[in-house]
Amino acid sequence: MEIVTNADLWDLEDRLKNQDLKLDLILGHSKGRFISIDYGVPMVRVGFPVYDRAGMYRHPVMGYHGAMHLEAWSTKKQGMGA
C-alpha cells in the first residue's frame, strides 16, 4: 500500500496514466468523479465541494458516526456490502 500526500487530482491522473498505478478506491470531492469514471475506480465523496450528490452535507465524515458512514460507503463502493 502506498499513501500519497501533497498531491492533487492532476498528479493522481498522471500516476494512473503514466506510472501504471492501480487503485481500489478514491476518497475525494466531486471533481474527482471524472478520474473515477475514466479509469473505472469506485469513489467515495468526502470533503468539499460535493455538488453532485444532494444532501451529502447531512452525513458526517468525522468522529464515530463519520467513521461508520465512511466504512459503509467504502464497502458498498467496493462491492463488499450486502
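Residues numbered from 1 in each chain as written. Predicted model: local features only at pLDDT ≥ 70, side-chain atom pairs only at ≥ 80, totals over all residues. Heavy atoms only, no water.

Novice: Which parts of the structure should I look at to understand the pattern of salt bridges?
Specialist: It is possible for side chains bearing opposite charge to pair when their charged atoms get close. What the rule picks out here adds up to one salt bridge. Residues K22 and D20 are paired through a salt bridge, measuring 3.0 Å at the closest nitrogen-oxygen approach. Its relative accessible area of 54% is what places D20 among the exposed residues. (Salt bridge = Lys/Arg side-chain N within 4 Å of Asp/Glu carboxyl O. Buried < 20%, exposed > 50% of the residue type's maximum accessible area, 1.4 Å probe, protein only.)

Novice: Help me understand helix α3 (residues 63–77), please; the structure alone is not making it clear to me.
Specialist: For an α-helix, 3.6 residues make a turn, and residues three or four places apart therefore share a direction. With 15 residues, α3 should cover 21 Å at 1.5 Å per step; its first-to-last C-alpha distance of 21 Å lies within 8% of that length. In this fold, the buried residues of α3 make contact with β2 (43–45). (Helix = DSSP H or I, 4+ residues; strand = E, 2+ residues; numbered from the N terminus. Expected span 1.5 Å × (residues − 1). Contact = heavy atoms within 4.5 Å.)

Novice: How should I be thinking about the side chain of S30 in this particular structure?
Specialist: The residue S30 is located in the loop between β1 (26–28) and α2 (33–39) in this model. In this structure, S30 is in contact with M43, R45, P49, V50, Y51 and D52, ignoring residues within four places of it in sequence.

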